[in-house]
Each structure stands twice: as structure tokens, then as C-alpha cells.
Amino acid sequence: MTFSTSSIIEIIPRLYGEVPYGGNANAGLIFEYQTGSNTFTKLLDLPGGVNGRQPFGSLFQASNQLLYGMTYQGGINNSGVLFEYNVATNVYAKKVDFASAINGSNPYGNLMLTSDLKMYGMTYQGGTNNAGVLFMYDPIKNQYAKKVDFTSVNLGKNTYGSLLQAPNAKLYGMLYQGGLYDYGTIIEYDPVADTCLKYRDWE
């Protein structure tokens, strides 16, 4: 069995992951793999429709021990959703509907946890310029906030990837297109100052 676009997160001694297609609704699924017994178990068929479908990124475990992920499509706007999954109870809950110009749409990458226990991510499209956004989600308060609207030349546009936090506490990510030469950019976001700068133009 091959999952060409699957991604996994390890919660010893089990691995948890998701795939964008398949399942009862062909909307993707969440699975568990036990390394010791070499056992694969499908845990949940993503519901599809207004509850989200086609997750392309990885699952992420937050400080509350729940797993979080994003879907590329589905939701009430068909722009993707941010969801929560409880492994212990096998309960899936949609937390955020992406809404194009309002808060971004169609995320491809992963969520990441910063040192202040908040999650950050990016979307491929949506936002004021339909170039994608950088956002923050607080899993404890269940609060979403759009932080940056990407712009084609000034910051770049359309990201497939994810953010990472460097030792200086700032977040870095790459955009697929835009920038001075339209080959994409590296951006730097400071969550304390709430500022975003173009770090490099690819050329």
C-alpha cells in the first residue's frame, strides 16, 4: 500500500497520519500505524462536504494532546478547514472554515506550534490579494486571527509549504511565486512585533 502524499506524526509507539484521498467519501482519512506489531488501522474517514476534505499536510499534536490538521478543500466555502482530532475518543471536530478573502483559502502545508503555545500556518490562496495569508490559531481559546495578507511583489504569493520557528523566535517560510523575479520568496514573521518582511527573493 503506497501513500504518495501522506504524512505522519509519531506518538510513541504509534504513528498517526492522513492521506488526501480515499475513505468512504473519497475525502481522505486518518490512520494509525503501530510499529511494534506492523499494524495499520484506519481510524477515521474524513467527512467531506462542509466538514472538510483532502488534507495535504501533516497532523500536528498541540499542548492539549489533541491532533490538528487542515484540509485543502471542503468547508462551508469549499476553501478548506482547520480541524481537531481526538485519538482517545475518535472524535473529529471542524474548528475553522477558511473563507477566501476573509481569512485565506486552500492550505497545503502544516500547522506549527510556537514557544507561546499558539499554532501558525499559511494558505495557498485567499486573503485581500488572493495570494494567501499567514495566520495564528489558539487551540486553547479556539481563536483564529489572520496576521499577514501576502502580496505578489512585496512579500510573494502562493505557498505550498509550512513555517518553522528559528532560535531567534521568528518564523520563516517560503512562497512559491511572486517577489522581484516572480520565482518566489523567503519571508520572516515576528510574532511578537506582528511584522512580516521579505527575507530573500529567489532568482
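Before any of the text, the structure's been laid out above.
Residues numbered from 1 in each chain as written. Predicted model: local features only at pLDDT ≥ 70, side-chain atom pairs only at ≥ 80, totals over all residues. Heavy atoms only, no water.

**Student:** For this particular structure, what's the right way to read the overall build of the protein?
**Tutor:** In terms of helices and strands, the protein carries 0 helices and 16 strands. Taking 17 Å as the expected radius of gyration for a compact globule of 203 residues, we find that the protein reaches 17 Å, a close match to that expectation. Based on the C-alpha atoms only, the size of the protein along its principal axes is roughly 50 × 35 × 35 Å. Relative to its full complement of 203 residues, the protein shows a buried share of 47%. (Helix = DSSP H or I, 4+ residues; strand = E, 2+ residues; numbered from the N terminus. Rg over C-alpha atoms; globule rule 2.2 N^0.38 Å. Buried < 20%, exposed > 50% of the residue type's maximum accessible area, 1.4 Å probe, protein only.)

**Student:** Would you take a moment to explain the nonpolar core for this structure?
**Tutor:** With 15 residues, the main nonpolar core has Tyr120, Leu134, Phe150, Leu163 and Ile187 as its most contacted residues. Every element with two or more residues in this core is listed here: strand E10 (119–122), strand E11 (133–138), strand E14 (171–175) and strand E15 (185–190). (Core = buried A, V, L, I, M, F, W, Y, C linked by side-chain atoms within 4.5 Å.)

**Student:** What should I look at first to understand the pattern of salt bridges in this one?
**Tutor:** Working definition: two side chains of opposite charge can pair if their charged atoms are close together. For the structure shown, the criterion picks out 6 salt bridges. The closest approach of N and O atoms between Glu32 and Arg14, which form a salt bridge, is 3.4 Å. Linking Glu32 in strand E3 (residues 29–34) with Arg14 in strand E2 (residues 14–19), this pair joins segments that are 18 residues apart in sequence. Across the pair Asp149 and Lys146 runs a salt bridge whose closest N-O atoms are separated by 3.1 Å. Exposure remark for Asp149: the relative accessible area of 23% places this residue in the partly exposed category. (Salt bridge = Lys/Arg side-chain N within 4 Å of Asp/Glu carboxyl O.)

**Student:** Quick question: what am I supposed to make of the packing of aromatic side chains here?
**Tutor:** Two aromatic rings are characterised by how far apart their centres lie and by the angle between their planes. All chains considered together, the criterion is met by 16 aromatic pairs. Ring centres of Tyr108 and Tyr160 lie 4.8 Å apart, and the angle between their planes is 45°; on these two criteria the pair is classed as tilted. Residue Tyr108 is located in the loop between strand E8 (91–97) and strand E9 (112–113), and its partner Tyr160 is located in the loop between strand E12 (143–149) and strand E13 (164–165); the two are separated by 52 residues in the primary sequence. Of the aromatic side chains, those joined through ring pairs into one cluster are Tyr21, Phe56, Tyr72, Tyr108, Tyr124, Tyr160 and Tyr176. (Phe/Tyr/Trp six-rings, centres within 6.5 Å; stacked < 30°, edge-to-face > 60°.)

**Student:** Help me understand the sheet that holds strand E16 (residues 195–201) in this model?
**Tutor:** Hydrogen bonds between backbone atoms are what pair the strands of a sheet, whose relative direction is either parallel or antiparallel. Here 4 strands make up an open sheet; going across it, the order is E13-E14-E15-E16 and the pairing antiparallel. Only two strands of the sheet have a single partner each, and these edge strands are E13 and E16. Of the pairings in the sheet, the one linking E15 to E16 comprises 6 bridges and is antiparallel in character. When the sheet's bridge partners are listed, Tyr189 is paired in E16 with Cys196. (Pairing = 2+ DSSP bridges.)

**Student:** Sorry if this is basic, but what is going on with the pairing of E15 here?
**Tutor:** For E15, a buried count of 6 out of 6 residues is recorded, marking the element as mostly surrounded by other parts of the structure. Note: E14 against E15, 5 bridges, orientation antiparallel. Its bridge partner lying in E15, Leu171 is registered against Tyr189. Where E15 hands over to E16, the hairpin turn is made up of 4 residues, of which Asp194 adopts a positive phi near 60°.

**Student:** I tried to follow the pairing of strand E7 (residues 81–86) on my own but got confused; where do I start?
**Tutor:** Within a regular beta strand, the side chains point alternately toward one face of the sheet and then the other, so they alternate between its two faces. The element E7 is largely enclosed, with a buried count of 5 among its 6 residues. Sheet topology places strand E6 (residues 67–70) next to E7; 4 bridges connect them, and they run antiparallel. By the bridge assignment for E7, Gly69 is matched with Phe83. Bridging between E7 and E8 involves 6 bridges; their strand directions are antiparallel. From the neighbouring strand, Val81 faces E8, where its bridge partner is Asp97.

**Student:** Sorry, what's going on with the side chain of Thr71 here?
**Tutor:** The residue Thr71 is located in the loop between E6 and E7 in this model. Using a relative accessible area of 0% as the deciding quantity, one classes Thr71 as buried. Only 2.8 Å separates the side chain of Thr71 from the backbone oxygen of Gln73, close enough to count as a polar contact. Each residue touching Thr71, except ones within four places of it in the same chain, is listed here: Leu46, Gly52, Arg53, Gln54, Pro55, Gly80, Val81, Phe83, Tyr92 and Pro107. (Polar contact = N/O pair within 3.5 Å; in protein donor to acceptor, adjacent residues only side chain to side chain. Contact = heavy atoms within 4.5 Å.)

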